[in-house]
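Summary of the model geometry
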Amino acid sequence: MRKASSISALLFLGFVRSPSSKLRFNALRSYCDRTSPSSIKVPGPLTQYKSLVEQGKLQHDPNQEAVAFQLEKLLGRLEQYEKEMAEYHERLAKWSTERENERRKLLMEEAESQQKDDVWKSVTNQRNKFVQRWLSRKKPENVEPGVGKWVSYLNRERKLDSVVGRRPTAPPAPKGLYIYGNVGSGKTMLMDMFYSATEGIVKHRKRYHFHEAMLKINEQMHQIWKNQVEEKSLHSSLSNWVMNLPFDSRVKEWVAAEERYKQEVQMKNILPAVADKFIIDWQADQKGGSILCFDEIQTVDVFAIVALSGIVSRLLSNGTVLVATSNRAPKDLNQDGMQREIFQKFVNKMGEHCENVLIGSEIDYRRVIAQSQRSMGQVHYFWPSDSIALEKFEKKWHEVTNQVGGQITSSTIRVMFGRTLEVPESSNGVARFTFEYLCGRPVGAADYIAVAENYHTVFISGIPMMSMRIRDKARRFITLVDELYNHHCRLFCSAASSIDELFQGTEEGALFDLESFQFETETEGSKLRRDVLAEGSVSSGGAPTGIVSMLSGQEEMFAFRRAVSRLIEMQTPVYLEGVHSLHPYFQRQRREFENISAGNIQPQLSF
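Residues take numbers from 1 onward in each chain, read along the sequence in its written order. Local features are withheld for residues below a pLDDT of 70 in this predicted model, meaning they are given only at 70 or higher, and side-chain atom pairs are given and counted only at 80 or more; totals for whole chains, interfaces and linings count all residues. Computation of side-chain values covers all heavy atoms of the structure but excludes hydrogens and water.

1. So, the overall build of the chain
Helix and strand content of the chain: 24 helices and eleven strands. For every residue, the accessible area (1.4 Å probe, protein chains only) is compared with the maximum for its type, and the residue is labelled buried under 20%, exposed over 50%, or partly exposed between those bounds. Looking at the chain as a whole, 52% of its 607 residues are labelled buried. We call two residues in contact whenever any of their non-hydrogen atoms come within 4.5 Å of each other. A fraction of 83% describes how many contacts in the chain between residues 6 or more apart in sequence connect residues 24 or more apart. The Shrake-Rupley method, run with a 1.4 Å probe, gives the accessible areas here. Residue values count only the displayed protein chains as cover. Counting only carbon and sulfur atoms, one obtains 50% of the accessible surface of the chain, whose full area is about 28,800 Å². Where helices and strands are cited, they refer to DSSP runs of H or I of at least four residues and of E of at least two residues respectively, numbered from the N terminus.

2. Some points on the packing of helix H17 (residues 445-454) against helix H18 (residues 471-486)
Note on geometry: axes are C-alpha line fits, over the in-contact stretch for helices, and angles between N-to-C directions span 0 to 180 degrees. H18 packs onto H17 with a crossing angle of 35° between their chain directions and a minimal axis gap of 9 Å. Crossing angle aside, the handedness with which H17 passes H18 is right-handed. Contact residues: Ala445, Tyr448, Ile449 and Ala452 in H17; Arg476, Thr479, Leu480, Glu483 and Leu484 in H18. Of the residues belonging to the contact of H17 with H18, the class tally is six nonpolar, one polar and two charged. Definitions for this section: a left-handed crossing has its near helix turned counterclockwise from the far helix by less than a right angle. A right-handed crossing has that turn clockwise. Amino acid classes used here: Ala, Val, Leu, Ile, Met, Phe, Trp, Tyr, Cys and Pro are nonpolar; Asp, Glu, Lys and Arg are charged; the rest, including Gly, are polar.

3. Structural notes on the packing of aromatic side chains
Here is the rule: rings of Phe, Tyr and Trp (six-membered ring for Trp) pair when centre to centre is within 6.5 Å. Planes less than 30 degrees apart are stacked, more than 60 are edge-to-face, and the remainder are tilted. Applying the stated criterion across every chain, the model contains twelve aromatic pairs. Arranged with centres 6.1 Å apart and planes meeting at 10°, the rings of Tyr485 and Tyr575 form a pair that is stacked. Here Tyr485, found in helix H18, pairs with Tyr575, found in helix H22 (residues 573-577); they are 90 residues apart in sequence, far enough to count as distant. Given the relative accessible area of 0%, Tyr485 is considered buried. Accessibility expressed as a relative area gives 0% for Tyr575, which makes it buried. Aromatic side chains Tyr585 and Phe586 sit 5.4 Å apart centroid to centroid with 90° between the ring planes, which places their arrangement in the edge-to-face category.

4. Some thoughts on the nonpolar core
To qualify as a nonpolar core, a set must consist of buried Ala, Val, Leu, Ile, Met, Phe, Trp, Tyr and Cys residues joined through side-chain atoms within 4.5 Å. By size, the foremost hydrophobic cluster in this structure holds 52 residues, and its most contacted members are Ile460, Ile463, Phe477, Leu484 and Phe503. Once you skip the residues sitting within four places of it in the chain, Leu484 turns out to touch Ala452, Val458, Ile460, Cys489, Leu491, Met570 and Tyr575. Judged by nonpolar contacts, the second largest core, of 39 residues, contains Tyr180, Leu292, Phe303 and Leu322.

5. Digging into the sheet that holds strand E5 (residues 354-359)
Judged by pairing direction, the sheet is parallel, and its five strands sit side by side in the order E2-E3-E4-E1-E5 without closing on themselves. Edge positions in the sheet fall to strand E2 (204-209) and E5, since each has one partner strand and no second. The average undirected angle you get between the axes of adjacent strands in this sheet is 10°. Strand pairing is assigned whenever DSSP detects at least two bridges linking the two strands.

6. Describing the confidence of the model for the chain
Residues of the chain with pLDDT of at least 70 account for 69%, and the chain-wide mean is 75. On a scale of 0 to 100, pLDDT captures the predictor's confidence in every residue. In the model of the chain, helix H1 (residues 7-13) stands out as the element of lowest mean pLDDT, 31, in contrast to strand E9 (residues 430-434), which has the highest, 98. In this model residues 1-39 is a low-confidence stretch, pLDDT under 50, and it forms 136 contacts with partners more than four residues away in sequence or in other chains.

7. Side note on the side chain of His209
Note on placement: His209 falls in strand E2. Residue His209 is classed as buried on the basis of its relative accessible area, which comes to 0%. In the analysis that follows, any N or O atom pair within 3.5 Å is treated as a polar contact, provided that within protein one partner can donate a hydrogen and the other can accept it, and provided that, for residues neighboring in sequence, both atoms belong to side chains. A polar contact is formed between the side chain of His209 and the side chain of Asn486, at a distance of 3.5 Å.

8. Let's talk about helix H12 (residues 302-317)
Look at H12: 22 Å from first C-alpha to last across 16 residues, which is about the 22 Å you get at 1.5 Å a residue. All buried positions along H12 are accounted for by Phe303, Ala304, Ile305, Ala307, Leu308, Ser309, Ile311, Val312, Ser313, Leu315 and Leu316. One or two residues past the end of H12 sits Gly319, with phi positive at roughly 100°. Expected helix span is given by 1.5 Å per residue-to-residue step, counting one fewer step than there are residues.

Encoded structure:
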């Protein structure tokens with residue numbers, strides 16, 4: 001999981017311009033797996049913000065400062081909360097161990113009773129025949145399967161509550177923040193400042209972008225479903241302690257069945273099970289608090305509403321502190337009224353555990369950066385699609401690949417859900433694709449994450465103007481831009497129009513944001529989630545009418561404005577200077593270099 005890095009990390013690494021520079025910006029965001037050295041404590045978000053304003057690297061914005069102040073206050077409460085959660089987890093671990101030991105004792109007592117019954121039956125033949133006749137009777141039709149196990153399970157749980165006591169109560173968590181506002185207003189920048197400052201304060205921290213979170217949820221749900229439906233033999237499904245019990249095979253089968261039923265009861269609701277693994281690494285020490293930073297929360301389809309409601313509600317109930325960003329206030333996320341009851345519970349839970357904070361600025365600071373740096377920036381976006389622009393694009397490709405060295409070859413990269421993606425041309429962290437290859441086929445966020453993680457520089461040729469006629473390609477392109485941006489990739493484009501004109505649409509009408517309807521499964525060629533939702537409701541033009549009606553309004557405009565804003569920022573020197581420090585490709589090289597004892601071996605850190 002990549003971690004967010006604050007602007008201060010760029011200052012430490014020397015990638016931000018000197019204080020004497022007249023450049024001032026407000027919306028730089030960045031990601032970094034590499035955390036600051038343990039001896040260096042990252043300053044809080046307000047301190048970071050004020051420092052950059054004083055140095056002239058940020059233009060003061062009262063809206064941003066107010067949010068930074070709120071995040072600073074939250075940071076101040078986390079240290080004590082971490083201690084309280086560490087003590088809570090110690091109590092919880094002790095309680096869990098005692099409860100499991102007592103549960104097994106109860107189960108063994110019942111098993112011994114089962115064994116004695118077997119002995120008695122073998123001695124008393126007459127009674128054995130009677131029991132056999134009784135067992136062979138037809139069960140009443142109104143008795144549901146598993147009722148007996150359910151009753152025994154409940155009785156066992158009640159006994160455990162009386163012997164061991166109920167689950168310890170977690171300490172009250174500090175209220176998190178839900179930050180919302182316009183594109184380019186600095187939401188992600190401020191959240192990343194906060195996230196970097198929590199290093200060393202809170203043990204369990206995760207930062208997810210919406211696409212990545214949805215894919216992780218899908219992946220874990222699929223894994224749980226697979227585990228549930230797999231049929232296992234007695235020897236493969238029973239733990240060693242059951243196999244070694246001093247009972248006959250029939251009683252062991254009974255114990256195994258009781259164990260399996262307990263697991264089924266616990267796993268019946270899959271979303272809480274997914275939530276429990278969403279932040280904490282269960283292989284590591286579980287003590288301490290947890291923080292979830294969630295960028296660009298969206299609820300534009302049923303799955304997102306149900307999944308986010310179940311998982312975020314579970315995390316908040318268990319003491320996770322949430323800091324989220326979005327273009328909309330929580331109550332406005334579901335303007336199309338899907339799953340109203342579930343959504344309302346989600347909003348209520350968010351209201352209990354988070355303060356809603358609006359960044360009221362109407363300025364897109366990414367554009368301010370681009371305008372300030374226009375004369376200094378290199379060309380990374382080539383348009384229109386004429387011979388001159390195409391020749392410059394080809395020249396840049398050869399220039400970059402010559403710099404990184406190595407042979408240009410085709411390769412295969414791994415994608416989530418056990419899939420792979422063929423990369424037509426690549427060399428030492430640089431890859432080249434056509435727009436049709438990445439956006440004209442049924443691929444999605446999982447593929448784009450794989451590309452972004454493996455290649456620090458991506459060339460994309462043949463980008464057309466987006467219209468309603470190719471709305472699916474537009475959606476995929478927006479998702480692609482999101483992931484390249486999130487991973488801090490360097491992007492070179494060959495396009496038919498300028499960035500500002502890419503999403504202008506045509507007389508066919510406005511475009512629709514279908515980006516979060518991409519549904520990944522383990523089986524290639526399966527239906528997209530949007531197709532499943534709209535099945536049986538297709539317009540004469542082939543468009544899923546249910547989706548069109550759901551996504552009318554301003555929602556699509558946020559996605560297009562965000563993509564344009566990010567494409568603009570990705571051309572700026574400040575963004576490009578951060579690629580070497582922030583992209584996973586170079587982070588892996590640094591980690592490998594740190595593991596090499598020979599001092600004369602240097603990692604490849606230049607294009």
